[in-house]
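Residue-level structural notes
Below are the chains, spelled out letter by letter.
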Amino acid sequence: MSDVSRLHILAICSRPLISADGQPITMLDVAEERRRIVDGLKRAGDVARVRFLPEATTGKVKDALRDSWDVVHFTGHGTEDGRLLLEDGYGVAHLLPKQETAQLFKGQKTPLVVLSACHSETVARELHSAGVPAVVAVDARVPIADLAAIIFAEHFYTALAKGWDVRRALDDACQTVALDAEVGDAKPPRDEQGKDEEPWSKRFLLVGEAEGFAAARADAHEAATATTAAAPRVAGNLRIWNENFVGRAKEIVDVVKAFERDKRRRVCLHGSGGLGKTELARAVARWYMERAGAGAVLWASASHVEGEYRLRDLASLLVVAARVFGLSITAQSMFDEQKQVVRDFLDESRALVLLDNWETVEPGHRRELWDFVRGLPETVRVLVTSRDVLPAQDARNIDLDPLAPKDAAALFVKIAHNAGYFDRNPRLGAEEMAILNAICERLGGYPLAIEVVAGQTLSRTLSDIWDDLQHVPRNVLQGRDEITGEPRGIWTSLDLSYNVLPAAERAMFGRMCVFLAPASGDDIAAITETGNPRPVLDNLVKRSLVRMREGAYSLLPIVRDYAEGKLADEGQDPRELHKRAVTHYAQKQTLEAALTASDHLFELAARFELRDAAESFVKYVSGFYHDLVTRGYWTEARSKAEQLIAVAGALGDKQTEAQAIGELGSRYYQIGEHERAAELYRKAKSLLEESKDKRGVASSLHQLGMLAQAQGDYDEAARLYRESLVIKKELGDKSGIASTLHELGRLAQAQGDYGEAARLYQQSMEINKELGNKHGVAFLSGQLGQFYLAQGEMKEALSCSLKALALCEELRSPNRQQALKDIASVREAAGAEQFAAWLSELSAEAERITALLEQYETDDEQRAKEFVEQFVGAAQVVVAARTQGSAEQQAELARQLAEVEAGARERNATEAADFFAVLRGLLAGEDVAEKIAALAGPFKGIAEQARAACE
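This one's a predicted model, so the numbers in the text were calculated from it and none came from an experiment.

Here we take up the pairing of strand β2 (residues 48-53). As paired strands, strand β1 (residues 7-13) and β2 are joined by 6 bridges and run parallel to one another. Residue pairing in the sheet places Ala11 in a bridge with Phe52 of β2. Crossover β1 to β2 through helix α1 (residues 30-43) is right-handed.

Right, let's talk about the sheet that holds strand β11 (residues 296-301) for a bit. The parallel open sheet is built from 6 strands, whose spatial order is β9-β11-β12-β13-β10-β14. On the outer flanks of this sheet lie β9 (235-236) and β14 (396-399), each paired with one strand and no other. Examined bridge by bridge, strand β10 (residues 266-270) and strand β13 (residues 381-386) share 5 bridges and lie parallel to one another. Its bridge partner lying in β13, Cys268 is registered against Val384. Strands in contact with helix α10 (residues 314-325) are β9, β11 and β12 (352-356); relative to β11, the strand with the most contacts, it is inclined by about 135°. This element, helix α12 (residues 363-374), spans β10, β12 and β13 of the sheet and lies at about 135° to β10.

Here the focus is the nonpolar core. In this structure, Leu383, Phe412, Ile439 and Phe509 are the most contacted members of the largest nonpolar core, which totals 216 residues. Not counting the four nearest positions on each side in its chain, Phe412 is found in contact with Leu436, Ile439, Cys440, Ile450, Val453, Ala454, Thr457 and Leu462.

Before going further, it helps to examine the confidence of the model for the protein. Parts of the model with low pLDDT should not have their predicted coordinates read in detail. With 91% of its residues at a pLDDT of at least 70, the protein reaches an overall mean of 86. Counted against residues more than four places away or in other chains, residues 215-231, with its pLDDT under 50, gives 37 contacts.

Right, let's get into the packing of helix α5 (residues 146-161) against helix α6 (residues 166-179). Packing of α5 against α6 leaves a shortest axis separation of 8 Å and a crossing angle of 140°. When the interaxial angle is binned, α5 and α6 end up oblique. The crossing of α5 and α6 is right-handed. Residues Ala148, Ile151, Phe152, His155, Phe156, Ala159 and Leu160 of α5 pack against Val166, Ala169, Leu170, Asp172, Ala173, Cys174, Thr176 and Val177 of α6. Among the residues forming the contact of α5 with α6, the class breakdown is 12 nonpolar, 2 polar and 1 charged.

For the rest of this paragraph, the subject is the sheet that holds β1. Sheet architecture is open: 6 strands sit in the order β2-β1-β3-β6-β7-β8, paired in mixed fashion. Only two strands of the sheet have a single partner each, and these edge strands are β2 and β8 (204-208). Neighbour to neighbour, the strand axes of the sheet diverge by 15° on average, direction disregarded. With 5 bridges connecting them, strand β7 (residues 134-138) and β8 associate as antiparallel partners. Bridge pairing in β8 links Val135 to Val207. Across the sheet, helix α2 (residues 58-65) is in contact with β1, β2 and β3 (71-75); its angle to β2 comes to roughly 160°.

The rules behind these values
Residues numbered from 1 in each chain as written. Predicted model: local features only at pLDDT ≥ 70, side-chain atom pairs only at ≥ 80, totals over all residues. Heavy atoms only, no water. Pairing = 2+ DSSP bridges. Helix = DSSP H or I, 4+ residues; strand = E, 2+ residues; numbered from the N terminus. Right-handed = clockwise from strand over helix to strand, strands pointing away. Contact = heavy atoms within 4.5 Å. Axes fitted to C-alpha atoms, helices over the stretch in contact; angles between N-to-C directions. Core = buried A, V, L, I, M, F, W, Y, C linked by side-chain atoms within 4.5 Å. Buried < 20%, exposed > 50% of the residue type's maximum accessible area, 1.4 Å probe, protein only. pLDDT = per-residue confidence, 0-100. Parallel < 35°, antiparallel > 145°, perpendicular 65-115°, else oblique. Left-handed = near helix turned anticlockwise from the far one by under 90°. Nonpolar A, V, L, I, M, F, W, Y, C, P; charged D, E, K, R; others polar.

In structure tokens form, the structure reads like this:
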């Protein structure tokens, strides 16, 4: 179907948060209405294009109305005196009188306007008088139910898209509302006296006539936007919406104004625990996402329960960004390069960065992390949550107050609803509402305290809860604890709720404090030795004592502190539970589970000072530490090295401490932080000298030599290598001698002394032969072959490469392919005739090796052909997802493409990585023309075909 024959709809969604005088405005479920309109149009077939205007300021509405539309749909609030509520760009309502609304449509030839707003009949008549042929609106009486308006919109547009006329579509939608179980005519609204009012289905009306509407659809739409969008796509890792979140409209506006009006790039939400800082930060992020104000959202938290998004230091933030956005960062990327890649992405995406629980970041890491944040481009907004204020010159600090009474009551009702209270008490009378408000007032408006107390409604009445609260003196419920600084009401509310728990729930709640990360029901069953803990856990979730997210259970930090005390009161030893956790997670034999098991061992060693746990921790981490490094878990490797240093220091094990410090130095060396690496290497060397560990000292000198060489200080590198060599010779450490000779050879080669380099390589080779280290000999033979090839000594290069091939075949080493490649390089450089003569002279298997080379080249061609086929297949999958796939399918494919791209960059397959980056952009609907033009070879042709198919 051509675009000009489709129904073109502009949907204006106005969602101001507060009125001009700062009063919160009831939030409409705009997202649900949007979803239902889209679903309804899809059911009608490919007959409509909808553009959802993400922000309803007068300027943006006017800009959108300059295009031609068959229908303009407005979702929002209307007032009794005939005004519509638009926005001012900061979340504050902008009241538009009916005459000004008509001015927006002046010169506009839209045949149909739909006003999904209370009291909109008055505006509809003004629009009709101003020339709009037909307007669907809501009558000017009492406000209409949000759900009724949503159901009406869904079915009205479904019918319209099927070709029905406006009057018939309106009647059909009204009939659907009338039959609905929740807002249908069987359940009419009631007035203040409890009398039935006219049903919602009778409240929708048509002003004007719409006979010409079908003809209007067939007109050309030269100005209409064909590539209209639904909900804006925003990359990021923002958690799913917390349905219990209420209020905070004014605070959201304060943050937005600080960012947008006052041009502050960094804002800090600060206040005590339990005030809801985290959820408010997420609500701000959602505000930007809904209005297309940010192209990416990055969220990282210093809370212990955040797993892969844990914020420990700058390195961890960069890792989170790389994982979330599929950035080209690997374990080999220099630290400055990592920072630049993340900085550039955040800049291009106009990103919003959320740093949660800032006060929990260790002071030693906080400065470096904050320096990076301060250096981010002006396009990046940073929102911090913390119990402490940030320096005024660095950020705008917004002090978070408790909930307003109305919002506190709304939160209580939400929790009580989740707990099933309203299943038993469908309607609250005046007396119960008074009790509910009194409870919230007594709790001081603290969200966490309200959630916990409201959770008691799972098994208690409001009167029971109020009776308990009245027995608690106000000075115990209000104010802050002199020692902890936490609100007393939160701790007291936890006490009140804990004391009424059944025995099984009480026991489980206390045991939950030992879990250092979100845990599944099966994990909890094994560690607490409970047959089926889920019913008990789910009750604790309903009571707001335990959090459940993505199938895993955990406690908020402040609740965990409380639960630890109750576990002790119950006489249970937490050390026993930690030991079970170590055994349980270690048995899973995955790297992720090993990390969790080691966290429990560290807890036993550091917090409970158990020597046997400390010793076990050292052995256990040493067993999987190498896997962390080789598999790209570099942030976790750094964290474990730091823990090893702490544990070994407590044990007085200087040797292990020095080794761990050296490993930490290697992690910094790996990412180009040479000064920090040198500091750690020197510290390790000093500890090893104290413990008279000469072998360790020699190793530290060798590492310092590598560091000096990497920095271009060849004289210092040579001095350190030779110091290391002296000690190794004194110890008779032949393996270590061979390693240092090899590094001295690399140093000589870098300085252009090729004769000395060859001599040192040969010395290292001879020692490896003497030791029977065939792997080492094979490696050095291959390296010598490449060395001689670079010097133009072809025959020597061939001789060394042949030795490498023979050993690789004997050892069944994967480096066999590299050896064949090196031999093929010699043949290409020397010419086929000369190569054949040398091969016959140097090897008794010339015929077999020639056949291997032919097979290698054939295989290489076959592999290239297969690779091209794979790339074509990937492009076809993207085209199918882009044109036919659901949002969920597209999101999953985008994640997979990001992983493949990152893997290609790790292997230095830049051309393939760039190709997958183009596919990701194509899937997201980006203009990738320039990126495609930069591609090489077959990648470019495949990508161009994919783009054409998407168009």
